[in-house]
Amino acid sequence: MPLGGKGPATIIVLSVETVLAAIFIAMRFYTRFVMKGGVGSDDYLLIITWVFQTLFTALMIASSIYGFGQHTTDISPEDVRMATKVEVIGQFAVSLAMGLSKTAVAMFLMRIVVVAWHKAILWFWIVTMMAWSMLLAISCFAQCTPVEAIWDARIQDKTCHLNLTDIAFIMCSWSAAMDFFLAAFPWVVLWKLNMQKREKITICVSLSLGIMAGICGIVRTSGLAVLSQTADYLYATAESVMWTSSELTITIICVSIPVLRPLWTRIVGESITDRYHKHSEGSSGILTIGRIRKVRKTDTELALDTIPRPDVKDVKTTTIGASRRHSDTGSERSILGPNIQKTREFTIAYEGGRATEPGSG
C-alpha cells in the first residue's frame, strides 16, 4: 500500500524530531561524561526515553506504510488490521517515553533543590506521572479480551474492560499539567539558592520552554475526544501522534539546554562576562573571601561551572589578600576610588585533610 493521507507528514515529523532529540542527548552526555566527568540518573533516563522514542518512530513509519494516516475506506481490511496493530504497539512505547521524559526533568531538579518539601513535590509528580504512564501503556493491550480484537474488527465475541480514550485523556492532561509545573517550579525554588545569577537564568529560562511542551499536550488532549466518535481510527489519531512526538522532543531539549553551557563556551569561546571576570582577577589589592566545604560529586555532574552545592553548610570563612601585576589601571581607580577595596568571593572544596579548588584532583 503506497503512502498517503497524513502518513508522509507523520514520518517526516517523527523522524526529524527523533534525530533532533538524539543530537541534544548526545551533546548533553558528552558534556557530562567527557567535559565534566559525571553522569547522573537523569542522563540515563533521557537515553532510555530516546530508545522508546526511536522505537515509537520506527513503528509509526511501519504503520504508515500499511496505511496509517489514511481513511479506512481507502485501504484494504488487512492493511487496516496491520496498521492498527503496529500503531497500538507504538502507543505502548511512547506512553512509557512520555513518563520517563518528565521524570528526567524532575530528577535533574532533584539534584539541585535541597528543601525537603521541594523534593517531596517533585517525587509526587514523578510517582503520579509514571503511574499514569504505565497504566496507559498497559491499557493499550489490556483494554479488550481477546487482545486481537483491538485491531481485528472481525472478532465480535469480545469484552472491553477499559476505556482507552478516557485513560489517555487523563494521562495527557496530567502530562501537560506537569509541563507547566516544571516550567514554573525553578523560578520559585532556584532563585534564592546560592548560585550565580546567570546559571539560575540558564536553568529557569530553558525549563520555561517546557510551556511549549505543555501547549503541545493541550492540543493533543483536545483531539482525543474524536477517537470515541469515529471508526476512522488510523486517520483520526495522526494529529495526536505528531503532537505527542513534539511534546516529547521539546521536553528532551528543555532539560538538555542547561547542561550544555560548558560545551557552548568551548565551541564559541568565552562570553564578554567571562572575559571580564578573568581580566578582573589580574588586578591587585583584591580581597578574596572564600568558603571551605567538602567537595561533592554533583559539583561536576551538573556541568554548570559555577554552581556550588547549596545544601553544604559553610565550614570556615577566610580573607586572602592578592597582589598581581596589570592591576592598578586608571579605569579601575576611577570606578572604585582610592578608598574602596574590591572583593571577590569563591568557594574552596576540600577532600580529606587538604583543600582544593572545586573540580581539581
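In this text the structure is predicted, and so the values were computed from the model without any measurement.

Caption draft 1: Molecular detail of the overall build of the protein. Each helix and strand counted, the protein has 13 helices and six strands in total. For the protein, buried positions account for 47% of its 361 residues. When contacts within the protein are restricted to residue pairs at least 6 apart in sequence, long-range pairs at least 24 apart make up 78% of them. If you sum the accessible surface of the protein, you get close to 17600 Å²; carbon and sulfur atoms cover 65% of it.

Caption draft 2: Spotlight on the layout of surface pockets. One number sums up the size of the second largest pocket: a volume of about 990 Å³. If you go around the second largest pocket, you meet 45 residues; those closest to its centre are Thr84, Gln143, Ile150, Leu164 and Tyr233. It is helix H3 (residues 77–110) that provides the largest number of residues to the lining of the second largest pocket, a total of nine residues. When grouped by side-chain class, the residues that make up the lining of the second largest pocket number 26 nonpolar, 14 polar and five charged.

Caption draft 3: Local environment of the packing of aromatic side chains. Using the criterion set out here, one finds six aromatic pairs in the structure. Aromatic side chains Phe124 and Trp125 sit 6.0 Å apart centroid to centroid with 75° between the ring planes, which places their arrangement in the edge-to-face category.

Caption draft 4: Geometry of the environment of Cys204. Within the secondary structure, Cys204 sits in helix H6 (residues 197–208). Put simply, Cys204 and Phe185 are 19 residues apart on the chain and 8.5 Å apart in space, counted from C-alpha to C-alpha. Contacts of Cys204, omitting those with residues within four sequence positions, involve Pro186, Trp187, Leu190 and Trp191.

Caption draft 5: Highlighting the nonpolar core. Membership of the largest hydrophobic core comes to 54 residues, with the highest contact counts inside it found for Phe56, Phe108, Leu109, Leu122, Leu182, Phe185 and Leu190. Those elements giving two or more residues to this core turn out to be helix H1 (7–35), helix H2 (41–66), H3, helix H4 (116–142), helix H5 (164–189), H6 and helix H9 (238–256). The element best represented in this core is H3, accounting for 14 residues. Once residues within four sequence positions are removed from consideration, Phe56 is found in contact with Leu14, Gly90, Ala93, Val94, Val241 and Ser245. Within the second largest apolar cluster, five residues are counted, among which are Val88, Cys140, Cys144 and Ile150.

Caption draft 6: Highlighting H1. With 29 residues, H1 extends 41 Å between its outermost C-alpha atoms, agreeing within 8% with the 42 Å of an ideal straight helix rising 1.5 Å per residue. Restricting attention to buried positions, one finds in H1 the residues Gly7, Thr10, Ile11, Leu14, Glu17, Thr18, Ala21, Phe24, Ile25, Arg28, Thr31 and Arg32.

Caption draft 7: Just empty space enclosed by the protein, in detail. Inspection of the entire model under this criterion finds one cavity of 30 Å³ or more. Considering only enclosed or pocket space, the largest cavity measures out at about 80 Å³ in volume. What lines the largest cavity is simply Val105, Asp179, Leu182, Ala183, Leu207, Gly210, Ala213, Thr251 and Cys254. If you list the elements that add at least two residues to the lining of the largest cavity, you get H5, helix H7 (210–222) and H9. Per element, the largest residue contribution to the lining of the largest cavity is three residues, and it comes from H5.

Caption draft 8: Main features of the side chain of Gln53. Note that Gln53 resides in helix H2. For Gln53, a relative accessible area of 1% translates into the label buried. Contacts of Gln53, omitting those with residues within four sequence positions, involve Glu17, Thr18, Ala21, Ala97, Ser245, Leu248, Thr249 and Ile252.

Caption draft 9: Structural view of the pattern of salt bridges. Inspection of every chain in the model, using the stated rule, returns 11 salt bridges. Asp42 is the partner of Arg28 in a salt bridge, and the nearest nitrogen-oxygen pair spans 2.5 Å. With Arg28 in helix H1 and Asp42 in helix H2, this pair connects stretches of sequence that are 14 residues apart. With a relative accessible area of 1%, Arg28 lands in the buried category.

Caption draft 10: Local environment of the state of the cysteines. Evaluated as defined, the whole model comprises one disulfide. Note on cysteine connectivity: Cys144 is disulfide-linked to Cys160, with sulfurs 2.1 Å apart. Its S-S torsion of approximately 95° makes the covalent link between Cys144 and Cys160 right-handed. Of the two residues, Cys144 is situated in strand S1 (residues 144–145) and Cys160 in strand S2 (residues 159–160); the sequence distance between them amounts to 16 residues. On the basis of relative accessible area, Cys144 is assigned to the buried category, the value being 8%.

Criteria and cut-off values
Residues numbered from 1 in each chain as written. Predicted model: local features only at pLDDT ≥ 70, side-chain atom pairs only at ≥ 80, totals over all residues. Heavy atoms only, no water. Helix = DSSP H or I, 4+ residues; strand = E, 2+ residues; numbered from the N terminus. Buried < 20%, exposed > 50% of the residue type's maximum accessible area, 1.4 Å probe, protein only. Contact = heavy atoms within 4.5 Å. Areas by Shrake-Rupley, 256 points an atom, 1.4 Å probe, with all protein chains shown as cover. 1 Å grid on protein atoms, 1.4 Å probe; cavity = no way out; pocket = protein on both sides within 12 Å on 5 of 7 lines; lining within 4 Å. Points joined across faces, edges and corners; volume = space filled by probe spheres on them. Nonpolar A, V, L, I, M, F, W, Y, C, P; charged D, E, K, R; others polar. Phe/Tyr/Trp six-rings, centres within 6.5 Å; stacked < 30°, edge-to-face > 60°. Core = buried A, V, L, I, M, F, W, Y, C linked by side-chain atoms within 4.5 Å. Expected span 1.5 Å × (residues − 1). Salt bridge = Lys/Arg side-chain N within 4 Å of Asp/Glu carboxyl O. Disulfide = S-S within 2.5 Å.

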